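Each chain is listed here by its residues.
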Amino acid sequence: MLIASESLWYAQTNTYVIAPEAGRPAIIVDAPPDPEAILELVARYDLTPTALLLTHGHIDHTGGAGTVVDRTGAMAYVHPDDDYLTLNPLEQLRALFGMTPEGDFAPPRQFEPLVDGESLRLAGLDIEVLHTPGHTPGHCCFLLQNSLFSGDHLFAGSIGRTDLPGGDMEALLESMRAKILPLADETTVYPGHGPSTTIAAERRSNPFLQGLS
Ligand SMILES: [Zn+2]
Ligand SMILES: [Zn+2]
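Let me begin by describing the structure that accompanies this report. (Residues numbered from 1 in each chain as written. Chains lettered and ligands numbered in written order. Predicted model: local features only at pLDDT ≥ 70, side-chain atom pairs only at ≥ 80, totals over all residues. Heavy atoms only, no water.)

With respect to the secondary-structure elements, L114 resides in the loop between strand 6 (111-113) and strand 7 (119-122). Relative accessible area serves as the criterion here: at 2%, L114 is assigned to the buried category. Sequence separation between L114 and A76 is 38 residues, and the spatial gap between their C-alpha atoms is 9.8 Å. Contact partners of L114, with chain neighbours within four places excluded, come to L54, Y77, V78, H79, P80, L120, V129, C140 and F142. (Helix = DSSP H or I, 4+ residues; strand = E, 2+ residues; numbered from the N terminus. Buried < 20%, exposed > 50% of the residue type's maximum accessible area, 1.4 Å probe, protein only. Contact = heavy atoms within 4.5 Å.)

So, in C-alpha cells, the structure goes:
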C-alpha cells in the first residue's frame, strides 16, 4: 500500500494520500486549505482520487475539500454530527483569525454521510469507519488494514483538545477506550498533526491513555 503525506497550512495539518500502488485510484484523508499542494502530491504518484475522507469538520482539515473535489471528481465523506463545522468554514475562520483570509474555503457541494462501524470499499481498499466523538461530535478515525488514520483524536504522545465548541473530554476518552485501544499493537497510527506512531507505543507511554483499558 502506498501512503504519502504532507503537512500543510499554518496549522501543519497532515493530508494523506493512500492507494494500492502508484498510478491507481486513491483515497485522500483530510484536505487542509492548500488544495494545490494536495493535487501536486496526487500528481507525483500519478494517482486518481475517487474519495476524500474527512476525519472531522475543522477548517484545517476541510478548507481545501471543495477545490479538491471539484478538480478530481472525488466523493467527499464526513460524519453528519460535524455539519455545524463542515458547512460553516467562514464562521470558523472568523473565530480563528477575527477576519476571513483570502482563499476558497468552500465545502464540497455534496457529502456522503459516514456511519459508525461501516465498511467502505473505495479505490480498491477496505476501510472501516470508527466514529470517535470527543475532539468534535462527528470525529471519525479510519482503519485500513493495519493503518489507523486518527485525525485529531489521537497523536503521538497526546490527544485532541476538547476545549473548542462541541468538544467533550469524557466522550473522547470513552471513544479511545472502546474503539482505539482494542486495536492490534502493531497498528500504525497516522495522526492529523505530527509524526506517526503505533498503538503499542501509545498504549505504553501516552500519558492520556494510562488507566483507560
Ligand atoms: Zn481539529
Ligand atoms: Zn487539526
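Another point: helix 5 (residues 89-97). Of all the positions in helix 5, only P89, Q92 and L93 are classed as buried. Each buried residue of helix 5 lies within a common arc of 100° when the element is viewed along its axis, so the set occupies one face. For helix 5, exposure combined with an orientation more than 90 degrees from the buried face picks out E91 and A95. Tucked into the core, helix 5 has its buried residues touching helix 2 (59-62) and helix 4 (83-86). Once helix 5 finishes, G98 follows within two positions and takes phi at roughly 75°, a positive value. (Arc of directions from axis to C-beta.)

What follows is about the sheet that holds strand 10 (residues 147-151). Pairing is mixed in the open sheet, where 6 strands are placed in the order 7-8-9-10-13-14. Edge strands, defined here as strands with exactly one partner in the open sheet, are strand 7 and strand 14 (197-198). (Pairing = 2+ DSSP bridges.)

What follows covers the coordination of the zinc ion (ligand 2). At the metal site, the zinc ion (ligand 2) is ligated by D60 (OD), H61 (NE2), D152 (OD) and H193 (NE2), and these contacts range over 2.1 to 2.4 Å. Bound by 4 donor atoms, the zinc ion (ligand 2) shows angles of 89 to 156° at the metal and therefore irregular coordination geometry. When the donors of the zinc ion (ligand 2) are listed by position in the chain, the intervening gaps give D-H-x90-D-x40-H. Here the zinc ion (ligand 2) and the zinc ion (ligand 1) are spaced 3.5 Å apart, and both take D152 as a donor. Of the two residues, H61 sits in helix 2 while D152 sits in the loop between strand 10 and strand 11 (154-155), which places them 91 residues apart along the sequence. Accessibility expressed as a relative area gives 0% for H61, which makes it buried. Residue classification places D152 among the buried residues on the basis of a relative accessible area of 5%. (Donors = N, O, S within 2.8 Å, 3.2 Å for Na, K, Ca; no water. Tetrahedral: all angles 85-135°; square planar, octahedral: opposite > 155°, others 65-115°.)

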